[in-house]
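Chain residues, written in single-letter form:
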Amino acid sequence: MRFGWIVLLLLSFPVLEAIGIFWVAHAIGSWVLLLLLLAAVAGIMLIRLERAVWGPRLLFSLQSGANPLASLFASGRILLAGGLLVFPGFISDAIALVLLLIPGTWAGRKADPMRPANDDVLEGEFKREPDDLLR
């Protein structure tokens, strides 16, 4: 029975989006086309940017000792938001904005265990070379 409600909701979503577009078009006029076009361009830009960023984000989360699934979840959330922005309609744009406003995984990462607590002190050995060898 629950599966039927999900299917009904998914099938009625484009109809609800069309009704929303008509209501907004009635309220503000032909600016709706510009708003939908800007949302689609923003969605495409989000998808293209996330395609380039997900690998380094995953690598950084692995290096910092954080959970890599959290960074994959953040990338998937941004890709889903970009796809919803590309889909024409204001309901999907509102859902995409909610997905984008969920706090990310960067604030919860652990500190780098290899980095010293005091950044002013560098430990190690050194050897002083004569000045004539440096030229």
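Only a predicted model underlies this, so the values are computations on that prediction, with no experimental measurement involved. (Residues numbered from 1 in each chain as written. Predicted model: local features only at pLDDT ≥ 70, side-chain atom pairs only at ≥ 80, totals over all residues. Heavy atoms only, no water.)

**Student:** Could you give an account of the packing of helix H3 (residues 68-86) against helix H4 (residues 90-101), with specific residues and numbers?
**Tutor:** At a minimum axis separation of 8 Å, H3 and H4 run at an interaxial angle of 160 degrees. Comparing their axes, H4 and H3 come out roughly antiparallel. The chirality of how H3 crosses H4 is left-handed. Judged by residue contacts, Arg77, Ile78, Leu80, Ala81, Leu84 and Leu85 of H3 engage Ser92, Asp93, Ile95, Ala96, Leu99 and Leu100 from H4. Across the contact of H3 with H4, the residue classes break down as 9 nonpolar, 1 polar and 2 charged. (Axes fitted to C-alpha atoms, helices over the stretch in contact; angles between N-to-C directions. Helix = DSSP H or I, 4+ residues; strand = E, 2+ residues; numbered from the N terminus. Parallel < 35°, antiparallel > 145°, perpendicular 65-115°, else oblique. Left-handed = near helix turned anticlockwise from the far one by under 90°. Contact = heavy atoms within 4.5 Å. Nonpolar A, V, L, I, M, F, W, Y, C, P; charged D, E, K, R; others polar.)

**Student:** Give me the lowdown on the packing of helix H2 (residues 31-63) against H4, citing residues and values where you can.
**Tutor:** Taken N-terminus to C-terminus, the directions of H2 and H4 make an angle of 40 degrees; their axes are 11 Å apart at the nearest point. When the axes of H2 and H4 are compared, the pair comes out oblique. For the element pair H2 and H4, the recorded crossing hand is left-handed. Here Val32, Leu35, Leu36, Ala39 and Leu46 of H2 lie close against H4, whose contacting residues are Phe90, Asp93 and Leu100. Residue composition of the contact of H2 with H4, grouped by class: 7 nonpolar, no polar and 1 charged.

**Student:** How would you summarise H2 if you had to cite specific residues and measurements?
**Tutor:** Here H2 contains 33 residues, and its C-alpha end-to-end distance of 47 Å stays within 8% of the 48 Å for a straight helix at 1.5 Å per residue. Along H2, the largest kink reaches about 40 degrees and is centred on Val53; proline Pro56 follows within four residues of it. Where H2 is concerned, the buried positions are Val32, Leu36, Ala39, Ala40, Gly43, Glu50, Arg57, Leu58 and Ser61. Buried-residue contacts for H2 involve helix H1 (2-28), H3 and H4. In the segment just after H2, Gly65 is the residue with positive phi, at about 85 degrees. (Expected span 1.5 Å × (residues − 1). Bend = angle between axes of the 7 residues up to and from the residue. Buried < 20%, exposed > 50% of the residue type's maximum accessible area, 1.4 Å probe, protein only.)

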